[in-house]
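The lines below spell out each chain.
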Amino acid sequence: QKEVEQNSGPLSVPEGAIASLNCTYSDRGSQSFFWYRQYSGKSPELIMFIYSNGDKEDGRFTAQLNKASQYVSLLIRDSQPSDSATYLCAVEYGNKLVFGAGTILRVKS
Amino acid sequence: NAGVTQTPKFRILKIGQSMTLQCTQDMNHNYMYWYRQDPGMGLKLIYYSVGAGITDKGEVPNGYNVSRSTTEDFPLRLELAAPSQTSVYFCASHGDLWGVNYEQYFGPGTRLTVT
């Protein structure tokens, strides 16, 4: 059973702060990891993917991968109210992705 | 490009009825997927396809069927609808398999209620 675990939240942060979202996975063989943002009633949108240990930065988003500890995280700097959404972590297994249940992020102005 | 389109947007089915959810993409993507998302949950993979004529089961295939006769279309068939199939259904596609230029697109979803 491939498992992807996320804290369901909600995670509340003030505007301008750093939001830190975490995800752990069960299969050491996974090579690629994804973060999606999903606004209420909308479809998921891919915001980051990472496949090498370390950090990957894209604008205000940084994905961090630690394969030895089997976790991947997403940092959102200078959080804005528009970042309020559910963030889904997904882990690749062959041709497929397994999704976590998501973490609700609330950014308060 | 229209991206990934799904029809219908909403549907109410009675128990035992059947229907087909349509999914079309115009990006010439080989990989296509059907997911369902129950309230407060992540996405569960129903079926996927790596190219025309090739389909395979995901985590939750029971009660569903798919076909992939063209690159563009990947319809999902529900036979004998049950209340447990009440969910939001998303179709997704991508080109490269987890490559550097990986891009994935989701359709807008179909909200299905079975009563």
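Asker: What is the right way to read the interface of chain A and chain B from this model?
Answerer: Many analyses report the size of an interface as the accessible area lost when the parts associate. Taken residue by residue, the interface counts 20 residues in chain A and 22 residues in chain B. When the two sides are added together, the surface that chain A and chain B hide from each other amounts to roughly 1700 Å², 60% of it contributed by carbon and sulfur. It is Asn95(A), Lys96(A) and Phe99(A) that lose the most area in chain A upon contact with chain B, and together they represent 30% of the buried surface on that side. Our enumeration of links across chain A and chain B arrives at 0 salt bridges. Linking chain A with chain B are 3 residue pairs in polar contact (both at pLDDT 80 or more). Contributions of two or more residues to the side of chain A that touches chain B are made by strand E4 (33–38), strand E5 (45–50), strand E9 (85–93) and strand E10 (96–99) of chain A.

Asker: In this structure, what is going on with the side chain of Asp83(A)? I would like to understand it.
Answerer: Residue and element names in this part refer to chain A. Checked against the element boundaries, Asp 83 lands in the loop between strand E8 (71–76) and E9. Among the residues examined, Asp 83 registers a relative accessible area of 1% and is labelled buried. Apart from the residues lying within four places of it in its own chain, the contact partners of Asp 83 are Arg 37, Arg 60, Phe 61, Ile 76, Asp 78, Leu 105 and Val 107.

Asker: What am I meant to see in the state of the cysteines here?
Answerer: Two cysteines form a disulfide when their sulfur atoms are joined by a covalent bond. Taken as a whole and judged by the stated rule, the model has 2 disulfides over all chains. Here Cys23(A) connects covalently by a disulfide to Cys89(A), the sulfurs 2.1 Å from one another. Measuring handedness by torsion sign, the sulfur bridge of Cys23(A) and Cys89(A) sits at about -70° and is left-handed. Linking Cys23(A) in strand E3 (residues 19–25) with Cys89(A) in strand E9, this pair joins segments that are 66 residues apart in sequence. The same class applies to Cys23(A) as to Cys89(A), namely buried. Bridging Cys23(B) to Cys91(B), the disulfide has an S-S length of 1.8 Å.

Asker: What's the story with the pattern of salt bridges in this structure? I'm lost.
Answerer: If the charged atoms of two oppositely charged side chains come close together, the side chains can form a pair. Residue and element names in this part refer to chain A. Per the stated rule, a full pass over the model turns up 5 salt bridges over all chains. Among the salt bridges present, the one from Glu 45 reaches Arg 37, with a minimum N-O distance of 3.0 Å. According to the relative accessible area criterion, Arg 37 is buried, its value standing at 13%. Close ionic contact of Arg 60 with Asp 83 constitutes a salt bridge, the shortest N to O distance being 2.9 Å.

Asker: I keep staring at the environment of Asp55(A) and nothing clicks. Help me out?
Answerer: Residues and elements named next belong to chain A. Tracing the chain through its elements places Asp 55 in strand E6 (residues 54–58). The class of Asp 55 is exposed, set by a relative accessible area of 56%. Distance in space between the C-alpha atoms of Asp 55 and Leu 74 is 9.6 Å, their sequence separation being 19 residues.

Asker: What is the right way to look at the sheet that holds strand E7 (residues 61–66) of chain A in this model?
Answerer: By way of backbone hydrogen bonds, the strands of a sheet pair with one another, either parallel or antiparallel. Residue and element names in this part refer to chain A. Overall, antiparallel pairing links the 5 strands, which are arranged E1-E3-E8-E7-E6 in an open sheet. One side of each edge strand has no neighbouring strand; the edge strands of this open sheet are strand E1 (4–6) and E6. Averaged over neighbouring strand pairs, the angle between their axes works out to 20° when direction is ignored. Relative to E3, E1 is paired through 3 bridges, and the arrangement is antiparallel. What sits directly across from Gln 6, in E3, is Cys 23.

Asker: Honestly, the environment of Thr70(B) in this entry has me stumped. Any pointers?
Answerer: Residues and elements named next belong to chain B. In this fold, Thr 70 is placed in the loop between strand E7 (64–66) and strand E8 (76–78). Once the C-alpha coordinates of Thr 70 and Val 88 are considered, the two residues, 18 residues apart in sequence, prove to be 24 Å apart. Looking at Thr 70, its side chain comes within polar contact range of the main-chain nitrogen of Asp 73, at 3.1 Å.

Asker: What is the right way to read the pairing of strand E9 (residues 87–94) of chain B from this model?
Answerer: Where a strand is regular, its side chains alternate between the two sheet faces. Residue and element names in this part refer to chain B. Burial within E9 is extensive, with 8 of its 8 residues counted as buried. Burial of the side chains of E9 extends over both faces: Ser 87, Tyr 89, Cys 91 and Ser 93 are buried on one face and Val 88, Phe 90, Ala 92 and His 94 on the other. Note that strand E4 (residues 31–37) and E9 share 7 bridges and pair antiparallel. What sits directly across from Tyr 35, in E9, is Phe 90. Where E9 and strand E11 (residues 110–114) come together, 3 bridges link them in antiparallel fashion. Within the sheet, the bridge partner assigned to Val 88 lies in E11 and is Arg 111. Bridging between E9 and strand E10 (residues 104–106) involves 3 bridges; their strand directions are antiparallel. When the bridges of E10 are listed, Ser 93 appears paired with Tyr 105.

Criteria and cut-off values
- Counting from 1, residues in each chain are numbered in the order their sequence is written.
- Ligands are numbered from 1 and chains lettered from A, in the order in which they are written.
- Thresholds applied to this predicted model are a pLDDT of at least 70 for local features of residues and 80 or more for the giving and counting of side-chain atom pairs; totals over whole chains, interfaces and linings are not thresholded and use all residues.
- Side-chain numbers come from the whole structure's heavy atoms, not from hydrogens or water.
- Only heavy atoms enter the contact rule, under which two residues are in contact if any of them lie within 4.5 Å.
- Two parts placed together each lose some accessible area; with a 1.4 Å probe, that loss summed over both constitutes the buried area.
- By salt bridge we mean one thing: a side-chain nitrogen of Lys or Arg within 4 Å of a carboxyl oxygen of Asp or Glu.
- The term polar contact refers here to a pair of N or O atoms within 3.5 Å; inside protein, the definition further demands a hydrogen-donor-capable atom paired with an acceptor-capable atom, and it admits residues adjacent in sequence only when both atoms are side-chain atoms.
- Think of it this way: any DSSP run of H or I at least four residues long counts as a helix, any run of E at least two long counts as a strand, and we number them from the N terminus.
- For each residue, the accessible area found with a 1.4 Å probe, counting protein chains only, is set against the maximum for its type, and the residue is called buried under 20%, exposed over 50%, and partly exposed in between.
- Defined by distance alone, a disulfide is two cysteine sulfur atoms within 2.5 Å.
- Two strands make a pair as long as DSSP finds a minimum of two bridges between them.
- Between N-to-C directions, angles cover 0 to 180 degrees, with each direction set by a line fitted to C-alpha atoms, over the stretch in contact for helices.

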